[in-house]
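What follows is each chain in one-letter form.
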Amino acid sequence: MLDYFSDCWKYLPSLLGGLKLTLIIAVVGIALAIVLGILLCAFSISGIFVLEKIAGIYITVVRGIPLMILALFMYFGVIKNSLDLLPSAIIILAINASAYMAEIFRAGIQAIDFGQTEAARSLGLSYFQAMYKIILPQAFKIMIPSLMNQFISSLKDTAILSAISVNELTMTAKVIIARNYNAFELYSYAAIIYLIVIALLTYLSKRVERKLSYDKR
Amino acid sequence: MSAIIEALHIRKLFGDLEVLRDMSVTVEEGEVVCLIGPSGSGKSTFLRCLNRLENIQGGTIKVLGEDISAIKEVNRFRANIGMVFQHFNLFPNYSVLGNMTLAPVTLKKYRRQEAVKKAEELLLQVGLSDKRDVYPVTLSGGQKQRVAIARALEMNPKIMLFDEPTSALDPEMVGEVLDVMRKLAQQGMTMVVVTHEMGFARDVADRVIFMDNGYIVEEGTPRELFEHPRTERCQAFLSSVQ
Amino acid sequence: MKNARKLMSLILAPTLIVSVLAGCSASSSSTTAATTTAGTTAATTTAAATEAVTTPAETTAEAGTSAEAGTSANQAYDGTVYKIACDAAYAPFSIQLEAGTTAPGKVVTTANDMGDYYGIDVELLDAIAEYEGFQYELTPMDFSAIIPALISGTIDGSIAGMNITDERKEKVDFSDGYYASGSALVVNKDNTDISSFEDLNGKVAACKEGTTGMTWSQDNADKYGFTVTVYPDSASMMLAVANGQADFLIEDYPVISYQINIGEQADLKVAIDAIGEVPQNGFAVAKGKNATLLAMFNEGLAAIRENGTYDKIIAEFISD
């Protein structure tokens, strides 16, 4: 068994190259998804019928389509050769994650007691001041675990983008396997790398959560 | 003395449900008015209409001489009216001092230093100087409500609205909050108080209004209303709470 | 009890004959009428067929096809129903029937048929199995999963348009080559600047995961200065070139010429029709395992080459 894994170092550089791409797509994609998600969330709580409908339809459609199909549809059907592969991959992941982000934001904001808004407004703060100073900081704290979940799940979702030839971590492993057929070995390495990265992220999010906690002081 | 609040023929609907029907109330400067009545009678809704947390469907409300439906800068207007809520609504993500200075500093009413100085004075007044830097979660209900009152006073309001300020408190904490309100009344603050504390209404109010089903059923001095209620509904209500 | 058995075989034997005869008219429905559902029922069907063979009524069935006295490789055959993989989608080697249609060029139809797959691989296998008298269940899989599945024992054999290479020989045992399948370099039909390997500098290659084309691309990317992108299936790879997202692809010549022929890949054209040497496709089993199956395949292959069935099947799909 030990012997079996002795080739580990041989494949590590390629796998880490794949991981780099996975991380770039996940981080930039999620950042973009957060921006899009905030916009969609703003739409869906705007109280303006048309905007609410737009956000509602977008969220329903995107959440209802498997990422694989979204990726194939967007890359082969919509983007075609107007964009390079990497930006395409990032946009596809961002579109997918933004729908979930919007729902996380909306749920987080709606979880804050309406009395908070009323108290802020009664002191003369504007809607945006109340949002920015009172509601969002509290909502953000509630959202951290869900945001982290979404980030982790988007990070793993990048594997699906191998369908459009993105050479991320899973694809890198698959391509090596396609030549040497050591499926068990290579998938173990890939799994371990994912696991390490996600464990680090989880630890980080716990730290942030604790830091933002005001309940214990 | 002049009318600081003048509400005439107010109608308020929630969908098809009419919660205020032809309410007219005038409050003079420095007056303490208590609204009493069974739950669902529209007392809190009326209070919330006074600073436009709710919009009215009929009638006019003039506050400090201005028709409030016509006010463009509703935030500037609201800063003149302090409001205290049943559930305190302190901001859990700010310390006591942060809760108090947030609005005046954000709205550039005072500079930060002045705001802190004023907050410290107010905390002294409500007896919570030592709680300046703690977070709301560590306070008892009575302490929270006293901070909420101090927070409202920080904005130097001309009117204070109290929406059942003691209803969510354990009985032993009601006294400390009422004491603060009593002191405030003695200082000449114009106050509109929705309350179930008949003792407070009797002692502190200049005028008591008994509401039921969206109407004013009866109003008068505490003595008139509590000792010689004219209407059957008011008599029935008073006997049920006493 | 004995009578009941006899009765069964009396009913089954004509059914067998009918299905064998029906093979000529390319109708899979008559087969499935006897077998209820295709694919999953392969085992039950063959169980019944075996029973028919052991009873006196069998003589008529024998005349049609199976268990020829001349075969020797099947002496060791113990009646196992082999699980044999084909590629899930790899025209013209394995093609899934559209729902409700019958295979256009079906040469052989037996109770062994998957029913909803046809193509060179599927029908060669079918003809060979029929000749050798072994039973199998066709298991369509993603190409890249086939060798791992052979190694793990999930499947017993595979016929998946797979080129015989030295690299693969380390993992699996191949049959004799059953089809010479060269690779072609394919470009967008509007492309005019690729006509030799030297033109590939700065271009993007699309390949299908785990294919000879992928290996060739990876091995030659530095030499000719192109970039390699890998897709999980042929459809995506071809779409990428049709869309201009990649400049060229490497595909087995029969595959791409079949698709261009039937008008399915009208946006593509062959730029270089033979890359390197022309490899043979082989039937594969896990290294050192299923020797009986491999021997039967080789023997059956030789036999159908001899009797003309092979040429008939190939001609259905490739017209030169």
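First things first, this report covers the structure right here in the doc.

A few words now on the overall build of chain C. Helix and strand content of chain C: 12 helices and 14 strands. Of all 320 residues assigned to chain C, the portion counted as buried reaches 53%. Accessible area for chain C stands at about 13,800 Å²; split by element, carbon and sulfur atoms hold 53% of it.

Time to look at a nonpolar patch on the surface. All names here are of chain A. Judged by side-chain polarity, Ile 57, Val 61, Ile 65, Met 68, Ile 69, Phe 73 and Val 78 come together as a nonpolar surface patch covering roughly 630 Å² of accessible area. Those elements giving two or more residues to the nonpolar patch turn out to be helix H2 (49-64) and helix H3 (67-79). Looking at the nonpolar patch, the element that brings in the most residues is H3, giving four residues. Along the chain, Ile 69 turns up in helix H3. Under the relative-accessibility criterion, Ile 69 is labelled partly exposed at 48%.

Two strands in a sheet stick together by hydrogen bonds in their backbones, pointing the same way (parallel) or opposite ways (antiparallel). All names here are of chain C. Overall, mixed pairing links the five strands, which are arranged E10-E9-E11-E8-E12 in an open sheet. Two strands in the sheet have a free side with no partner beyond their single neighbour: strand E10 (227-231) and strand E12 (268-272). Going from strand to strand, the sheet's axes swing by 35 degrees on average, the running direction of each strand aside. In the sheet, strand E9 (residues 204-208) pairs with E10 via five bridges, with the strands oriented parallel. In the sheet register, Lys 208 faces E10, and the bridge partner there is Tyr 231.

Let us look at the sheet that holds strand E10 (residues 215-220) of chain B. Residue and element names in this part refer to chain B. Strand order in the open sheet made by the six strands is E6-E7-E8-E3-E9-E10, with mixed pairing throughout. Among the strands making up the open sheet, the edge pair consists of strand E6 (81-84) and E10. Taken pair by pair, the neighbouring strands of this sheet meet at an average axis angle of 15 degrees, ignoring direction. By the bridge criterion, five bridges tie strand E7 (residues 159-163) to strand E8 (residues 190-194) in an arrangement that is parallel. The residue bridging Phe 162 from the neighbouring strand is Val 193, located in E8. Across the sheet, helix H1 (residues 43-50) lies against strand E3 (32-36), E6, E7, E8 and strand E9 (207-212), angled at about 150 degrees from E7, the strand it touches most. Each of E3, E7 and E8 is contacted by helix H6 (residues 171-186), which is oriented at about 145 degrees to E8, the strand it contacts most.

Across the contact, 26 residues belong to chain B and 20 residues belong to chain A. Overall, the association of chain B and chain A removes approximately 2,000 Å² of surface from exposure, summing both partners, and the carbon and sulfur fraction of that is 60%. Of all residues in chain B, Phe91(B), Asn93(B) and Tyr135(B) give up the largest surface area on contact with chain A, accounting jointly for 24% of the area buried on that side. In this structure, the connection of chain B to chain A is made through one salt bridge. Its salt-bridge partner being Glu118(A), residue Arg48(B) comes within 2.3 Å of it at the nearest N-O pair. The tally of links from chain B across to chain A stands at seven residue pairs in polar contact (both at pLDDT 80 or more). Breaking the side of chain B that touches chain A down by element, the ones donating at least two residues are helix H2 (74-78), E6, helix H3 (96-106) and helix H5 (141-154) of chain B.

All names here are of chain C. Counted by the stated rule, this structure contains 23 salt bridges over all chains. Of the charged contacts, one joins Asp 87 and Lys 208 as a salt bridge, the two residues approaching to 3.3 Å between their closest N and O atoms. In this pair, Asp 87 is assigned in strand E1 (residues 81-87) and Lys 208 in strand E9, connecting sequence segments 121 residues apart. The burial state of Asp 87 is the same as that of Lys 208; both residues are buried.

With that settled, the discussion passes to the nonpolar core. In terms of nonpolar packing, the biggest core is built from 80 residues, with Leu15(A), Phe46(B) and Ile61(B) touching the most fellow members. With 11 residues, the top contributor of residues to this core is helix H6 (residues 127-157) of chain A. Non-local contacts of Leu15(A), meaning those with residues more than four positions away in its chain, are made with Leu169(A), Thr172(A), Ala173(A), Ile176(A), Leu186(A), Tyr189(A) and Ile193(A). Grouped together as the second largest cluster of nonpolar side chains are 75 residues, Ala71(A), Met74(A), Ile92(A) and Ala127(C) included.

Moving on to the packing of aromatic side chains. All names here are of chain C. Applying the stated criterion across every chain yields a total of 19 aromatic pairs over all chains. Aromatic side chains Tyr 77 and Phe 134 sit 6.4 Å apart centroid to centroid with 65 degrees between the ring planes, which places their arrangement in the edge-to-face category. Placement of Tyr 77 in the loop between helix H4 (59-64) and E1 and of Phe 134 in the loop between helix H5 (120-132) and strand E4 (135-141) is noted, with a sequence separation of 57 residues between them. Phe 134 shares its class with Tyr 77; the two are buried. Over the face of the ring belonging to Tyr 310 we find Arg 305, whose NZ or CZ atom lies 4.6 Å from the ring centre.

What follows deals with a positive patch on the surface. Together, Lys206(A), Arg207(A), Arg210(A) and Lys211(A) make up a positively charged patch on the protein surface. Here Lys211(A) shows up in helix H8 (residues 183-212).

Next up on the list: the interface of chain C and chain A. In this complex, chain C contributes 22 residues to the contact, which on the side of chain A involves 18 residues. Together chain C and chain A conceal approximately 1,700 Å² of surface at their shared face, both sides included; 56% is due to carbon and sulfur atoms. In terms of surface lost to chain A, no three residues of chain C exceed Glu209(C), Asn243(C) and Gln245(C), which account for 28% of the buried area on that side. Between the two partners, chain C and chain A, sit one salt bridge. Put simply, Glu209(C) and Lys174(A) hold a salt bridge, and the shortest N to O gap is 3.6 Å. Counting across the interface, chain C meets chain A through five residue pairs in polar contact (both at pLDDT 80 or more). Here the side of chain C that touches chain A is built from residues that sort into nine nonpolar, eight polar and five charged.

Residue and element names in this part refer to chain B. With six of its six residues buried, E9 lies for the most part within the structure. Here E9 shows no split at all, with Arg 207, Ile 209 and Met 211 on one side and Val 208, Phe 210 and Asp 212 on the other all buried. Relative to E10, E9 runs antiparallel, the two being bridged by five bridges. When the sheet's bridge partners are listed, Ile 209 is paired in E10 with Glu 219. Two successive antiparallel strands, E9 and E10, enclose a turn made up of two residues, where Asn 213 displays a positive phi of approximately 55 degrees.

The rules behind each value
- Residues numbered from 1 in each chain as written.
- Chains lettered and ligands numbered in written order.
- Predicted model: local features only at pLDDT ≥ 70, side-chain atom pairs only at ≥ 80, totals over all residues.
- Heavy atoms only, no water.
- Helix = DSSP H or I, 4+ residues; strand = E, 2+ residues; numbered from the N terminus.
- Buried < 20%, exposed > 50% of the residue type's maximum accessible area, 1.4 Å probe, protein only.
- Areas by Shrake-Rupley, 256 points an atom, 1.4 Å probe, with all protein chains shown as cover.
- Patch = residues over 30% accessible without salt bridge, like charges linked within 9 Å, V, L, I, M, F, W, Y side chains within 5 Å.
- Salt bridge = Lys/Arg side-chain N within 4 Å of Asp/Glu carboxyl O.
- Pairing = 2+ DSSP bridges.
- Axes fitted to C-alpha atoms, helices over the stretch in contact; angles between N-to-C directions.
- Contact = heavy atoms within 4.5 Å.
- Buried area = accessible area lost by both parts, 1.4 Å probe.
- Polar contact = N/O pair within 3.5 Å; in protein donor to acceptor, adjacent residues only side chain to side chain.
- Core = buried A, V, L, I, M, F, W, Y, C linked by side-chain atoms within 4.5 Å.
- Phe/Tyr/Trp six-rings, centres within 6.5 Å; stacked < 30°, edge-to-face > 60°.
- Lys NZ or Arg CZ within 6 Å of the ring centre and 35° of its normal.
- Lys, Arg positive; Asp, Glu negative; His and termini not counted.
- Charge placed at Lys NZ, Arg CZ, Asp CG, Glu CD.
- Nonpolar A, V, L, I, M, F, W, Y, C, P; charged D, E, K, R; others polar.

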